[in-house]
Amino acid sequence: MNPGPKFADHDWWRSAVVYQVYPRSFADSNNDGVGDVAGITGKLDYLKGLGVDAIWVSPWYPSPLWDGGYDVSDYRDIHPDFGTLDDADELFEQAHARGLRVLIDLVPNHCSIDHPWFQAALAAGPGSPERELFVFREGRGDGGELPPTNWGASFGGGAWERVIEADGTPGQWFLHMFAPEQPDWNWENPRVLEEFDGILRFWFDRDADGFRVDVADSLIIDQDFPDTPIDPRTGKGTWEKYPGAPCWDRPELAEIQRRWRRVADEYTNSAQGPRIFVSEAYLPFERMVEYVRADRLHTSFNFEFLQSEWYAESFRNVIDKSLAAHRGVGAPATWVLGNHDVIRPVSRYGKSLSGRSFRSGVVTDEVHWLDDMAGLPVDVALGRRRARAAALLMMALPGGCYVYQGEELGLEEVEDLPEESLQDPVWVRSNHMIRGRDGCRVPIPWSGNSAPFGFGTDADPWLPQPNHWGELTAERQDDDPDSMLNLYRAALAERHRNTALGDGEMSWEESEDGILSFTREPGFRCVVNTGDTDHDLGEATVILTSSPLGGSVLPPNTTVWVLPPNTTVWMVS
Ligand code: NOJ
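Each chain carries its own residue numbering, running from 1 in the direction its sequence is written. Per-residue local features are limited, in this predicted model, to residues with pLDDT of at least 70; the limit for side-chain atom pairs, both in listing and counting, is 80 or more; totals at the level of whole chains, interfaces and linings are taken over all residues. In computing side-chain properties, one takes all heavy atoms of the structure into account and sets aside hydrogens as well as water.

## Quick word on the overall build of the protein
Every helix listed is a DSSP run of H or I at least four residues long, and every strand listed is a run of E at least two residues long, numbered separately from the N terminus. From N to C terminus, the protein includes 16 helices and 18 strands. Expected size for 573 residues packed as a compact globule is a radius of gyration near 25 Å; at 24 Å, the protein falls within 12% of this value. For the protein, the spread of C-alpha atoms along the principal axes amounts to about 80 × 55 × 45 Å. When the 573 residues of the protein are sorted by exposure, 61% land in the buried category. Taking contacts inside the protein between residues at least 6 apart in sequence as the whole, the part at least 24 apart equals 68%. About 21,500 Å² of surface is accessible on the protein, with carbon and sulfur atoms providing 50% of the total. Mean positive and mean negative side-chain charge positions of the protein (50 and 92 charges, respectively) differ by 4 Å. All radius of gyration figures rest on C-alpha atoms, and the globule criterion is 2.2 Å times the number of residues raised to 0.38. Buried residues are those whose accessible area, probed at 1.4 Å on protein chains only, stays under 20% of the maximum for their type, while exposed residues exceed 50% and partly exposed ones sit between those limits. Note on contacts: a residue pair qualifies if any of its non-hydrogen atoms lie within 4.5 Å across the two residues. Residue-level accessible areas treat just the shown protein chains as cover; the underlying method is Shrake-Rupley with a 1.4 Å probe. Only four residue types enter the tally: Lys and Arg on the positive side, Asp and Glu on the negative side, with His and both chain ends excluded. Charge positions are represented by NZ for Lys, CZ for Arg, CG for Asp and CD for Glu.

## Observations concerning the sheet that holds strand β13 (residues 515-520)
Within the open sheet, the five strands sit side by side as β12-β13-β14-β18-β16. Their pairing is antiparallel. Two strands lie at the open edges of the sheet, namely β12 (507-508) and β16 (541-545), each paired on one side alone. Pairing analysis gives six bridges linking β13 to strand β14 (residues 524-529), with the strands arranged antiparallel. Within β14, the position partnered with Ser 517 by the bridge is Val 527. In this analysis an axis means a line fitted to C-alpha atoms, helices contributing only their contacting stretch, and an angle means the value between N-to-C directions, from 0 to 180 degrees. Across the sheet, helix α10 (residues 312-329) lies against β12 and β13, angled at about 35 degrees from β13, the strand it touches most. Where helix α16 (residues 484-497) meets the sheet, it contacts β16 and β18 (558-563), and its direction lies at approximately 125 degrees from that of β16. Two strands make a pair as long as DSSP finds a minimum of two bridges between them.

## A few points about the site of the ligand
By convention in these notes, a residue is near a molecule or strand provided one of its non-hydrogen atoms lies within 4 Å of it. The local shell around the ligand holds 13 residues, among which Asp 67, His 110, Asp 214, His 340 and Asp 341 are the closest. Counted as a polar contact is a pair of N or O atoms within 3.5 Å, where, for protein atoms, one must be capable of donating a hydrogen and the other of accepting one, and residues adjacent in sequence contribute only when both atoms are in side chains. Within the contact set of the ligand, an oxygen atom lies 2.9 Å away from a side-chain nitrogen or oxygen of Arg 212. One of the side-chain N or O atoms of Asp 341 is found 2.4 Å from an oxygen atom in the ligand. A total of 300 Å² of accessible area belongs to the ligand in isolation, and the protein chains cover 97% of it. We call Asp, Glu, Lys and Arg charged. Ala, Val, Leu, Ile, Met, Phe, Trp, Tyr, Cys and Pro are nonpolar, and the rest, Gly among them, are polar. Tallied by class, residues from the shell around the ligand come to four nonpolar, two polar and seven charged.

## A short note on the state of the cysteines
Two cysteine sulfurs form a disulfide in these notes if their separation is within 2.5 Å. If you walk through the whole model with that rule in mind, you get zero disulfides. With no disulfide of its own, Cys 247 lies closest to Cys 111 among cysteine sulfurs, the gap being 17 Å. Residue Cys 401 stays outside any disulfide, its sulfur separated by 12 Å from that of Cys 526, the closest cysteine.

## A closer look at helix α6 (residues 190-206)
Here, expected helix span is obtained from the residue count minus one, scaled by 1.5 Å. Over its 17 residues, α6 runs 25 Å from end to end, which matches the ideal 24 Å to within 8%, given 1.5 Å per residue. Along α6, the residues that are buried comprise Val 192, Leu 193, Glu 195, Phe 196, Asp 197, Ile 199, Leu 200, Phe 202, Trp 203 and Phe 204. Tucked inside the fold, the buried residues of α6 contact α4 (85-97), β3 (101-106), α5 (116-124), β7 (210-213), α7 (253-266) and β8 (276-279). Two or three places before Arg 191, at the start of α6, stands the capping residue Asn 189, its side-chain oxygen 2.9 Å from that residue's backbone nitrogen. Just downstream of α6, Asp 207 is the residue with a positive phi angle, here 100 degrees.

## Some details on the packing of aromatic side chains
Only rings of Phe, Tyr and Trp enter the pairing, Trp through its six-membered ring, and a pair is recorded when the two centres are within 6.5 Å. The plane angle decides the type: under 30 degrees is stacked, over 60 is edge-to-face, the rest tilted. Within the structure shown, the criterion is met by 40 aromatic pairs. When the centroid spacing of 6.0 Å and the interplanar angle of 55 degrees are considered together, the rings of Phe 136 and Phe 174 count as tilted. With Phe 136 in strand β4 (residues 136-137) and Phe 174 in strand β6 (residues 170-175), the pair connects residues that are 38 residues apart, well separated along the chain. Arranged with centres 6.4 Å apart and planes meeting at 35 degrees, the rings of Trp 260 and Phe 277 form a pair that is tilted. Here Phe 277 lies in strand β8 and Trp 260 lies in helix α7, a separation of 17 residues in the sequence. Sitting above the plane of the Phe 136 ring, Arg 131 keeps its charged end 4.6 Å from the centroid. By the criterion adopted, a ring carries a charge over it if an Arg CZ or a Lys NZ lies within 6 Å of its centre and within 35 degrees of its normal. Residue placement shows Lys 241 over the ring face of Trp 248; its charged tip is 4.1 Å from the ring centre.

## As for the confidence of the model for the protein
Residue-level confidence of the predictor, termed pLDDT, takes values from 0 up to 100. Counting all residues, the mean pLDDT for the protein is 94, and 96% of those residues have values of 70 or more. Residue range residues 569-573 is modelled with pLDDT below 50. Its contacts to residues more than four positions away, or to other chains, number six contacts.

## Observations concerning a negative patch on the surface
To count toward a patch, a residue needs a relative accessible area above 30% and no salt bridge. Like charges then connect within 9 Å, nonpolar side chains (Val, Leu, Ile, Met, Phe, Trp, Tyr) within 5 Å. Any carboxyl oxygen of Asp or Glu that lies within 4 Å of a side-chain nitrogen of Lys or Arg is treated as forming a salt bridge with it. A cluster of acidic side chains, namely Glu 475, Asp 479, Asp 480 and Asp 482, defines a negative patch on the protein surface. Residue Asp 482 is classed as exposed on the basis of its relative accessible area of 58%.

## Things to note about the domain arrangement of the protein
Domain delimitation follows an automatic or database domain assignment. As assigned here, the protein comprises domain 1 (12-111 + 210-218 + 273-475) and domain 2 (484-563). The straight-line distance from the C-alpha centre of domain 1 to that of domain 2 is 24 Å. Contacts between domain 1 and domain 2 engage 44 residues on the former and 38 residues on the latter. Two parts placed together each lose some accessible area under a 1.4 Å probe, and the buried area is that loss summed for both. Note on domain 1 versus domain 2: buried area summed over both sides is about 3,400 Å², and carbon and sulfur give 60% of it. Contact with domain 2 buries area across many residues of domain 1, yet Arg 388, Leu 392 and Met 395 alone supply 21% of it, more than any other trio. Applying the counting rule to domain 1 against domain 2 returns two salt bridges. The partner of Glu 505 in a salt bridge is Arg 327, with the nearest N and O atoms 3.5 Å apart. Summed over the shared surface of domain 1 and domain 2, the number is 23 residue pairs in polar contact (both at pLDDT 80 or more). Residue assignment for the side of domain 1 that touches domain 2 shows that the elements contributing at least two residues are α1 (12-15), α3 (44-50), α10, α13 (380-396) and β11 (400-404). Examining the composition of the side of domain 1 that touches domain 2, we find that 13 residues originate from one element, α13, more than from any other.

## Quick notes on the packing of α4 against α6
Contact geometry of α4 with α6 gives a least axis separation of 10 Å together with a crossing angle of 60 degrees. Of the possible angle classes, the one that applies to α4 and α6 is oblique. In this structure, α4 contributes Leu 85, Ala 88, Asp 89 and Phe 92 to the contact, and α6 contributes Phe 202, Trp 203 and Arg 206. For the contact of α4 with α6, the per-class residue count stands at five nonpolar, no polar and two charged. Roughly parallel here means an angle under 35 degrees, roughly antiparallel means over 145, roughly perpendicular means 65 to 115, and every remaining angle is called oblique.

The structure is reproduced here in structure tokens:
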């Protein structure tokens, strides 16, 4: 199969639609209840047919899976449950043959307690070069019994764990910004820098097209180790990313990112175009866009868009701020509605609290996804209708975007997973107060009327699927012209065909409260009704609509793509 000349396009990433695969939950080729790499390869034709340009595979490395694989014990291999390096090579080859690129996950902030270098550090003891690769410190208090700082960890509890030294006595503490099973690397140490250069090269040599960079805004720690203000929710030092916070967005990150960029640029070639990075950094735009300057990472997820409540003005403000900030550094915006860490859009938009307000003059706190929203009743039909509308909004915006597996099927968050099945460390670390992120990680329903819905053959999936997911399988939706799957296919096909879409500019049109209306050249207009009353579109030639129109009426919770007024129809033929 010849991927065609467009595959070498050097700007492909500026407009790309990237599909996120969570390998454990995507497709189980060997029927052991766990998704695998061969399962992904088996679905490449589905993904090509969907119309995406690339896939990003969440961590597939050997790992004890304390945090779903974001606890890596070997960065140069594949988890045995997911397959082998040969399977990865086959995936790269088969994807490229179809003109699809493959991004993988780089987890540079921390590894797993099972990583041989961490095990060596435990064995080697205080003051050893092995301990220098991680962040070990003496404790405070007379006997060192208090952690070195007051910092809280992301999943709850403190960010330091005390070790038992070789003589059997409690000794130093090591830093873990996430679970205690995820020790932080010491990025002050040149061996860590060199090791990660080697990891990038290992996967670029195997033909990876790029990396999504996990927690790209951490890595560097203020070497004064100051305490942070107490977060009243946890009683620990805050995790907030205030300017100057000791563990976030430190200026030294710039040089690390430039170093990675130089490695990636060495691999740019005329047949495949550039290898790229997408950074995961939950930061305000003005700080986040520093990461996507021309000599640093290429793109960065736009999490404020994902966090926005279902309300036109809120979306508009986020879009404006994002585009202005990206324009300032010459990078494209990267839109995202969901991922493996947040409540699925169908459920989010079906709740009374659908996100954070970015309306002018309205200040709301960051919404804490896993606890503030979970448990609120959800109107799934409303949520699905809005998720369809949000997808068309996202795909019409300038830049690239990400689609998290199952979003195209309109899957909802599974909020009633049995407690005994929950695996997210958040569940344990919150003393069973917060159920965590497993509800968006339930294995994908592909076909049939009962579990495992074609995920595997008959083995129980690692997380149970709801019985009613037979209505949402890809197979069922394939035949239904009005399905979410066919909406995504139509929208992505239009994105490829229509030169107005992807990277570029947009212009707002004046509109009433609750309505978003913008045009893109040549000849494209997107109108979103987030309000609760009908909106008259006037005379319009419809390209695509997320829900049926009533003549020229755009009903609530609907997005339409149309030709602008006074455009002659021959332009779209
Ligand atoms: C962000 C990842 O998306 C999330 O799943 C993980 O738990 C943390 N980083 C820690 O690696």
